[in-house]
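Geometric and topological summary
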Amino acid sequence: LKRAAQLAPAPCRWNSGLPMNIGVLFVPQQEAWVVERMGKFHRILEPGLNFLIPLLDRIRYVQSLKEIVINVPEQSAVTLDNVTLQIDGVLYLRVMDPYKASYGVEDPEYAVTQLAQTTMRSELGKLSLDRVFRERESLNASIVDAINQASDCWGIRCLRYEIKDIHVPPRVKESMQMQVEAERRKRATVLESEGTRESAINVAEGQKQAQILASEAEKAEQINKAAGEANAMLVKARAKAEAIQLLAAALAQQHGNAAASLSVAEQYVNAFSKIAKDSNTVLLPANTGDVTNMVAQALGIYTTLTKPQAVKTQDEMPPAREDSHSSATEVLKAEQGSSS
């Protein structure tokens, strides 16, 4: 029943009957009455009170000036890519010139309906199936322009045309559904790949930042370590300098050389006590047991190194220097006797 209702022709506006000329007539608003006098067009009656001559004047046509809605029946059309569509629409028009609408065409509504159908088939033949769904607005505008160009001499103006339904063949509909699903899967795959790429970029950026921070931390650590080592070396150098100054002052005092000889002898004994503990290879001098000779050699080296300074300070040294040297010799002889 629904299919039969769709295929049924559009209803036409039938006048119940033309008004009779009784001399005094009242024309309703938004209507135009076309009057003929003795079979020839005479005038168009305006809304309101009008006077006519009976028997001579006759109301031949009654035209409504309201906007008229016409249902365009469903029809088949072939697109540019050879797809057959079943399409119907709604046409909105208005009578602009009652004279042309009465004498320019026999049935203006039927003429406009047929013109809309042919124009719709012609415009659909210029578009592919995909563009038909995307460009419905432009398609409606093209149909309206084509109808207005042809219906200008009929006194009718098409205001707008709207496509109601577009029926696609079942197989084409299935292929379109498959195409939509494939497009959605494609977009999902693209989005997933973009997410994977963004994730990889974020991970790489994180690793890069971590390496940069680690290198900066290592650089700061090396700088701090170098600064610490430099400060330690400075502290050690200052301590060594102070120790040398204290040692020089101690040596300059009375019995200083005797104390230095005693320290050299102790170091010599300690050195021989550690022989053969760290390595199996041992190099010994020829006179290992002659401690006196070794101490004398060490003192000779020390005397040679300190001789230039002794020459400079000879005038300032007190005469008790010989006594200290003799006392140091006596101490060394006593140590040699005790060791022997």
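Heads up: these notes are all about the structure in this document. Treat the numbers as computed from the prediction; the structure is a model and nothing was measured. (Residues numbered from 1 in each chain as written. Predicted model: local features only at pLDDT ≥ 70, side-chain atom pairs only at ≥ 80, totals over all residues. Heavy atoms only, no water.)

Structural notes on the packing of helix 3 (residues 108-124) against helix 5 (residues 136-150)
Inclusion rule: Here, axes are lines fitted to C-alpha atoms. For helices the fit covers the stretch in contact, and angles between N-to-C directions go from 0 to 180 degrees. Strands here are runs of E lasting at least two residues and helices are runs of H or I lasting at least four, both read from the DSSP assignment and numbered beginning at the N terminus. Angular relationships are summarised with four words: roughly parallel below 35 degrees, roughly antiparallel beyond 145, roughly perpendicular across 65 to 115, and oblique for the angles in between. For any helix crossing, the convention is left-handed if the near helix is rotated counterclockwise from the far helix by under a right angle, and right-handed if that rotation is clockwise. Whether two residues touch is decided by their heavy atoms; if any such pair falls within 4.5 Å, the residues are in contact. Only Asp, Glu, Lys and Arg are considered charged, only Ala, Val, Leu, Ile, Met, Phe, Trp, Tyr, Cys and Pro nonpolar, and every remaining residue, Gly among them, polar.
Packing of helix 3 against helix 5 leaves a shortest axis separation of 9 Å and a crossing angle of 135°. Taken together, helix 3 and helix 5 sit at an angle that is classed as oblique. Considering how the two elements wind past one another, helix 3 and helix 5 form a crossing that is right-handed. Contacts between helix 3 and helix 5 involve Val112, Leu115, Ala116, Thr119, Met120, Glu123 and Leu124 from the first element and Leu139, Ser142, Ile143, Ala146, Ile147 and Ala150 from the second. In terms of residue class, the contact of helix 3 with helix 5 is built from ten nonpolar, two polar and one charged.

Some remarks on the nonpolar core
Definition in use: What makes a nonpolar core is a set of buried Ala, Val, Leu, Ile, Met, Phe, Trp, Tyr and Cys residues whose side-chain atoms join them at distances within 4.5 Å. Only protein chains enter the area calculation, which uses a 1.4 Å probe; residues under 20% of their type maximum are buried, those over 50% are exposed, and those in between are partly exposed.
In this structure, Leu91, Ile147 and Tyr161 are the most contacted members of the largest nonpolar core, which totals 30 residues. Among the elements of the structure, strand 6 (67-78), strand 7 (84-95), helix 3, helix 4 (129-134), helix 5 and strand 8 (156-167) are those that each provide at least two residues to this core. A total of six residues in this core trace back to one element, the largest contributor, which is helix 3. Apart from the residues lying within four places of it in its own chain, the contact partners of tyrosine 161 are Val72, Asp88, Gly89, Val90, Leu91, Ala116, Met120, Asn140, Ile143 and Val144.

Description of helix 5
Residues spaced three or four apart along an α-helix point in a common direction, a consequence of the helix completing one turn every 3.6 residues. The criterion, for reference: Helix span is expected to be 1.5 Å times the residue number reduced by one. In this context, the arc is that of the directions from the helix axis out to the C-beta atoms.
Given a rise of 1.5 Å per residue, 15 residues ought to cover 21 Å, and the 22 Å separating the end C-alpha atoms of helix 5 matches this to within 8%. What helix 5 keeps buried is the set Leu139, Asn140, Ile143, Val144, Ile147 and Asn148. Viewed end-on, helix 5 has its buried residues packed into an arc of 165°, placing them on one side of the element. Buried-residue contacts for helix 5 involve strand 7, helix 3 and strand 8.

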